[in-house]
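Each chain is listed here by its residues.
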Amino acid sequence: MISTRNISTDFNYQQLTAYSGGSNRQLKKSKSTNIQDAVTQTVKSVPGGEFLMNVKIYLVNNQFYAVEGDVWGHSIESGGYQGYKIGDPIMWKDSFSNYKKGKIIAIKDTEKCVVEDESGRKYTIKFDDLMRSTE
C-alpha cells in the first residue's frame, strides 16, 4: 500500500479500479520527477481515489517515474466529485454560445463528466465549464 495522503482507519474504503496507471500510454505520458508525484497522479486519475494497493513503480526513460496499482477510495455516488454528483442538474454553453440544460450521468475522470441534455443527447464536458441549475 502507498499513499501521499492521510488514511482514516475508521472509513470503509472500496476498490475503485484495478491496474490504474499501467497502460503503455499512461507510462509514456508520465512526467513525474519523483515517486510521490507519480502516486498522486495515479490516485487523482480516479474520482474518489485515496490510496494505491498492489503497487508497481516504473522508471520511464531513466528520468520519470510512473506508478501502477489498484486505486482504493470512496465511491463518488455517495459523496460526489468537485462539488458535483451523478444526477445533479447542470447548465453549460455549447459551441454556439447557447445555454443547454441537463444532468450528470457519469463521472469520467478528474476533469470531465458525461452529461445528458433534455433531448437525451450525451456530451463529455469539463467540470470547469459546468454551472449549477435549479431544475
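Residues numbered from 1 in each chain as written. Predicted model: local features only at pLDDT ≥ 70, side-chain atom pairs only at ≥ 80, totals over all residues. Heavy atoms only, no water.

1. Structural notes on the pairing of strand β2 (residues 49–60)
Line of reasoning, step 1. The pairing of β2 with strand β3 (residues 64–73) spans nine bridges and is antiparallel. Note that in β3 the partner of leucine 52 across the bridge is valine 71.
Line of reasoning, step 2. Remark: three residues form the turn of the hairpin made by β2 and β3, two consecutive strands paired antiparallel; asparagine 61 in that turn has positive phi of roughly 55°. (Pairing = 2+ DSSP bridges. Helix = DSSP H or I, 4+ residues; strand = E, 2+ residues; numbered from the N terminus.)

2. Here's the deal with the pairing of strand β6 (residues 112–117)
Line of reasoning, step 1. Sheet topology note: the strand β5 (residues 99–107)/β6 ladder contains five bridges and is antiparallel. Its bridge partner being in β6, alanine 106 is matched across the sheet by valine 114.
Line of reasoning, step 2. The antiparallel pairing of β5 with β6 creates a hairpin that spans four residues between the two strands.
Line of reasoning, step 3. In this sheet, strand β7 (residues 122–126) lies alongside β6 in antiparallel orientation, the contact comprising five bridges.

3. Here's the deal with the pattern of salt bridges
Line of reasoning, step 1. The final tally for this structure, using the stated rule, is five salt bridges.
Line of reasoning, step 2. Across the salt bridge formed by lysine 85 and aspartate 88, the nearest N and O atoms sit 3.4 Å from each other.
Line of reasoning, step 3. What makes aspartate 88 buried here is its relative accessible area of 9%.
Line of reasoning, step 4. Residue aspartate 88 is joined to arginine 132 by a salt bridge in which the shortest nitrogen-to-oxygen separation is 3.6 Å. Linking aspartate 88 in the loop between α3 (76–79) and β4 (89–93) with arginine 132 in strand β8 (residues 131–132), this pair joins segments that are 44 residues apart in sequence.
Line of reasoning, step 5. The network of salt bridges with common partners includes Lys85, Asp88 and Arg132. (Salt bridge = Lys/Arg side-chain N within 4 Å of Asp/Glu carboxyl O. Buried < 20%, exposed > 50% of the residue type's maximum accessible area, 1.4 Å probe, protein only.)

4. Points about the side chain of glutamate 68
Line of reasoning, step 1. Examined against the element boundaries, glutamate 68 turns out to sit in strand β3.
Line of reasoning, step 2. In terms of polar contacts, glutamate 68 uses its side chain to reach the side chain of tyrosine 58, at 2.6 Å. (Polar contact = N/O pair within 3.5 Å; in protein donor to acceptor, adjacent residues only side chain to side chain.)

5. Points about the confidence of the model for the protein
Line of reasoning, step 1. Taken residue by residue, the protein gives an average pLDDT of 86. The fraction at 70 or more is 93%.
Line of reasoning, step 2. Within the protein, no element has a lower average pLDDT than α3, which sits at 52, and none a higher one than β2, at 93. (pLDDT = per-residue confidence, 0-100.)

6. A look at the sheet that holds β2
Strands belonging to one sheet form pairs held by backbone hydrogen bonds; the direction of such a pair is parallel or antiparallel.
Line of reasoning, step 1. Taken together, the three strands give an open sheet; going across it, the order is β1-β3-β2, and neighbouring strands pair in antiparallel fashion. Because the sheet does not close on itself, it has two edges, and the strands there are β1 (14–20) and β2. Adjacent strand axes in the sheet meet at a mean angle of 25° when their direction is disregarded.
Line of reasoning, step 2. Its contacts with the sheet put helix α2 (residues 35–44) on β1, β2 and β3, and the angle it makes with β3 is roughly 45°. (Axes fitted to C-alpha atoms, helices over the stretch in contact; angles between N-to-C directions. Contact = heavy atoms within 4.5 Å.)

7. Focus on the sheet that holds β8
Line of reasoning, step 1. In space, the five strands of this open sheet follow the order β7-β6-β5-β4-β8, with antiparallel pairing throughout. The open sheet has two edge strands with one neighbour each: β7 and β8.

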